[in-house]
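# Analysis of the macromolecular model
Given next are the chains, with one letter for each unit.
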Amino acid sequence: MELCNCFISINKRPPNFFHTVVRGSIRSSASTSNGHETTRVKLAEELQRETERTLEWQSVCLQVSNFTSTSMGLTIARNGNLPFGRSREESQKLLNQTTAALLLPRPLNFSGIEDISDIVSSSVLRQLRTINELCAVKSTLRSARELYLQLKELSLDGDSIDRYSPLLEILDNCDFVTDLEQKIGFCIDCNLSVILDRASEDLEIIRLERKRNMENLESLLKEVSTKIFQAGGIDTPLVTKRRSRMCVGVRASHKFLLQDGVVLDISSSGATYFMEPRDAVELNNMEVRLSSSENDEKLAIISLLTSEIAESERKIKYLLERILEVDFAFARASYAQWMNGVCPILGPEGSNGSQPNKTENSLSVDIEGIQHPLLLESSLRSLSTDPVLESGSSIGLDRGNRAIDPGRLSEGGSDFPVPIDIKVRHTVKVVVISGPNTGGKTASMKTLGLASLMSKAGMYLPAKNYPRLPWFDLVLADIGDHQSLEQNLSTFSGHILRICKILEVTSKQSLVLIDEIGNGTDPSEGVALSASILQYLKDRVNLAVVTTHYADLSSLKDKDPQFENAAMEFCLETLKPTYHLLWGSKGDSNALSIAKSIGFDQKVLDRAQKWLERLEPNNQTERKALLYQSLLKDRSMLEARARRAASLHSEIMELYHEIQGEAEDLDRRLVALKAKETLKVRHDVKAAKSQIDAVVQNFENQLRSASPDQFNILTRKSEATIASIVEDHCRSNGFAIEETNCSSYMPQIGEQVHVMGLGDKLATVVEAPGDDGTILVQYGKMRVRVKQNSIKAPPSRETASSATRRKRQGQPRRIHKETAAEANKGEEFSYGPVVQTSKNTLDLRGMRVDEASRNLNMAIAASRSRTVLFVIHGMGTGVVKEQTLEILRNHPRIAKFEQESPMNYGCTIAYIK
């Protein structure tokens with residue numbers, strides 16, 4: 001068996017590919033031959049996984065999984081295995097991919113892409129694949145290629161190639177194994193799930209022989225069955241298959257009709273025998289042999305295709321990894337839109353992970369208004385079923401690099417959870433957060449940890465403006481109770497053991513989060529041990545954030561500028577936390593205040609207060625509390641003013657850039673407008689010339705067959721038609737004059753005026769002109785406010801206004817009848833040739849009076865100024881005609897009308913003002 005010559009052999013070229021990192025590798029570049037280094041790497045991986053569980057990273061991945069488009073991406077995201085960048089450059093690359101996916105004007109189509117990794121792996125083990133599995137490989141390869149073509153098409157639109165280059169780079173070096181796709185498509189019809197005859201020459205020959213043999217067999221059996229039926233051996237001719245052999249049905253009582261036949265089967269009632277005639281035995285044997293040969297040939301074809309898949313294993317798996325990377329980029333983009341996120345800025349790295357050019361007041365972590373993504377889910381859950389998001393609608397970026405969800409910004413800007421600010425100076429290495437229980441210390445620390453993991457994985461953050469933070473190689477956390485009865489560890493022992501492991505694997509690029517450091521033992525020893533741990537961490541990590549109730553740890557800032565304090569705000573008036581993080585402040589535990597709010601006995605609280613005063617005799621508690629509250633109020637007021645000033649500055653800058661852009665674009669728009677007007681004029685001239693040529697050609701054709709008496713009539717008719725065409729394309733521009741004339745016109749309430757914005761139609765003034773230069777008018781049932789310079793008075797009113805103005809100017813002038821007649825004559829002449837067309841004709845014949853009146857009024861209202869309207873009312877009883885004349889006689893837009901004449905029976909010509 002051999003495939004047809006159209007198959008092209010696949011070059012076994014090993015691709016140079018980059019394996020997608022399903023887990024962010026934590027292994028360092030040091031040689032693993034060192035046993036201690038190997039142990040350290042394994043410990044770091046274990047601590048990183050435990051930290052991810054503590055920070056609930058898998059729940060964030062589960063949120064992202066709702067936006068994946070492939071089954072591969074869905075499985076990996078649900079398992080919490082979204083890829084991290086192994087370096088700052090790789091994380092920045094993931095962020096660039098997310099941004100590019102956000103900028104796409106329409107979603108990509110991932111349909112047809114399946115997880116075929118198991119099929120490929122089984123093919124390598126020489127396990128034959130089914131037809132459906134081969135079709136799945138073909139569909140995936142084709143869909144992957146079409147996905148790349150979609151990106152290429154979008155990148156060719158203007159300057160989009162740089163915008164979408166992060167996504168194109170993912171698939172640029174992929175081999176889409178087109179030869180394998182074509183081979184499968186050539187051999188298999190995936191719509192019917194059958195192997196085609198053209199798959200091999202042997203298969204085509206076998207099927208032709210089998211078809212010919214089956215035709216002979218069926219013809220023979222039909223002939224035998226018909227004879228049995230004619231002999232009364234069966235109710236109706238019956239040809240069927242039993243035991244994979246073709247046979248005929250016959251009654252048991254007429255079995256003798258097939259004396260040499262072979263009984264293959266008997267019906268359940270025993271009344272019918274299924275027998276194979278003697279002449280059909282060899283044909284049936286041939287059918288069995290050909291069927292077996294066909295199955296062997298199909299297995300050979302499937303085996304060959306399976307081996308082709310096995311040979312392309314590396315290319316296919318590499319392609320699946322790249323498709324998965326694209327899927328994750330779009331999932332992160334949709335997730336960013338869903339939570340209204342902003343793109344984080346990863347701070348540049350210096351040697352040993354330190355920040356270059358750092359100053360005392362510059363910030364290494366500057367995150368404003370960030371919300372915990374898991375706490376944010378409840379306020380955004382309603383958007384998760386939005387069909388726009390599920391389809392991947394187009395998404396834009398504002399100047400703050402924020403994913404814009406039009407019409408949903410108010411929904412995305414929820415006040416729960418309470419947004420916090422995280423601002424750490426470059427010189428600070430340890431942050432000590434203090435404050436009351438249930439105040440949000442642990443949640444704030446977890447928010448920072450999740451923000452670090454999200455930015456490392458290329459995700460946007462639910463924050464404001466431009467969040468900035470360093471890239472951390474390790475995010476290690478000690479949060480929660482690590483008590484273990486199996487390992488004989490108390491709460492304190494488990495706590496210290498985990499911190500010991502963390503200190504062993506940290507580096508200059510690590511982030512360490514410790515909750516309630518030194519808790520669970522004697523306070524004096526706990527403070528001493530905690531202070532020593534923090535002193536150790538400040539020289540070995542990029543940043544460490546700890547929470548504590550030990551006031552002595554907050555005093556470390558006074559001795560070392562590498563320490564910073566932060567406090568959770570607590571309102572003494574309501575005795576409730578506000579969940580705001582105050583940087584540079586020390587927080588009180590407020591245990592007595594919280595106990596009072598819970599409902600403790602006042603005697604117990606008074607006794608506790610005395611003990612507190614005895615322990616701190618020099619501490620003026622009440623004065624300190626009042627001073628603290630006053631400072632908090634001043635701070636809140638200054639922060640509000642600063643936010644207001646920043647908002648105004650942002651609005652002013654946006655307006656400035658907008659005006660600047662408009663000014664720069666003015667010349668280009670002027671050139672474009674001139675070009676557009678030029679094209680329009682050329683088009684109008686060409687159209688007019690074409691119409692005139694048609695009239696002249698028609699005139700010449702009629703002239704050949706016309707009599708001399710008709711020459712004048714044809715000439716006048718053609719001249720009138722040409723004049724009408726010229727008038728339509730060369731109207732005089734009297735707009736500026738009309739606008740100038742009507743600018744000083746002051747209409748009165750109830751007066752009818754012409755409104756140019758409504759097609760020069762008549763409308764009634766409802767309100768007098770206001771100070772803003774606008775007038776409220778009513779047209780039909782609609783009331784609109786128009787500018788005063790867009791209206792003009794009816795002709796009679798204009799004449800009176802002109803006379804009034806001349807009188808005021810000391811130039812009285814009497815209008816004689818002759819002058820008025822000349823004016824009317826000029827007005828009549830301005831209507832041009834009166835030529836009837838389908839557009840200026842209204843046929844009222846066959847209508848009732850009410851219907852005719854309504855249609856006539858509508859036609860008059862829709863007619864342009866200084867045009868004519870041919871009203872065909874017919875003769876009939878004259879009722880419609882009388883109503884038509886009555887309307888034309890009293891309508892304000894009718895200048896005059898001409899009744900029917902001997903040349904124009906049943907038609908009245910109306911002249912529109």
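Details of the structure are given in the entry above.
Below: a short report on this structure. All of these numbers come straight from a predicted model, not from anything done at the bench.

## Some remarks on unusual backbone geometry
A negative phi holds for most residues other than glycine; trans holds for most peptide bonds. Positioned with a positive phi, S244 is a non-glycine residue whose angle comes to about 65°. Here S244 lies in the loop between β3 (239–242) and β4 (245–251). S244 gets classed as exposed once you look at its relative accessible area, which sits at 53%. In this model, E516 sits at a positive phi of 55°, which is unusual for a non-glycine residue. Summarising the element assignment, E516 is placed in the loop between β15 (510–514) and α18 (523–538).

## Some remarks on the sheet that holds strand β11 (residues 420–425)
With mixed pairing, four strands are arranged side by side in an open sheet as β7-β13-β8-β11. In this open sheet, the two strands that pair with only one neighbour each are β7 (345–346) and β11. Here five bridges tie strand β8 (residues 363–370) to β11, and the two strands are oriented antiparallel to one another. When the sheet's bridge partners are listed, D366 is paired in β11 with K423.

## Some thoughts on the packing of aromatic side chains
In the structure shown here, the tally under the stated rule is six aromatic pairs. Centre to centre, the rings of F110 and F330 are 6.0 Å apart; their planes meet at 75°, and the pair counts as edge-to-face. Of this pair, F110 sits in the loop between α4 (88–103) and α5 (117–124) while F330 sits in helix α12 (residues 313–338), and the two are 220 residues apart along the sequence. Given a relative accessible area of 6%, F110 falls into the buried group. Ring plane angle 35° and centroid distance 5.5 Å describe the contact between Y148 and F176, whose orientation is recorded as tilted. Remark: F176 occurs in the loop between α8 (165–172) and α9 (178–187) and Y148 occurs in helix α6 (residues 131–155); sequence separation between them is 28 residues. Each member of the pair, Y148 together with F176, is buried. Within the aromatic cluster, the residues linked to one another by ring pairs are F67, Y335 and W338. Positioned over the ring face of F186 is R198, at 4.7 Å from the centre of the ring. The ring centre of Y536 lies 3.8 Å from the NZ or CZ of R540, which sits over that ring.

## Regarding the pairing of strand β13 (residues 464–469)
Taken together, the two bridges between β7 and β13 define a ladder with parallel strand orientation. Following the sheet pairing, L346 is matched in β13 by L469. Sheet analysis places β8 next to β13, joined by two bridges and oriented antiparallel. When the sheet's bridge partners are listed, D366 is paired in β13 with R468.

Rules of the game
- Residues numbered from 1 in each chain as written.
- Predicted model: local features only at pLDDT ≥ 70, side-chain atom pairs only at ≥ 80, totals over all residues.
- Heavy atoms only, no water.
- Helix = DSSP H or I, 4+ residues; strand = E, 2+ residues; numbered from the N terminus.
- Buried < 20%, exposed > 50% of the residue type's maximum accessible area, 1.4 Å probe, protein only.
- Pairing = 2+ DSSP bridges.
- Phe/Tyr/Trp six-rings, centres within 6.5 Å; stacked < 30°, edge-to-face > 60°.
- Lys NZ or Arg CZ within 6 Å of the ring centre and 35° of its normal.

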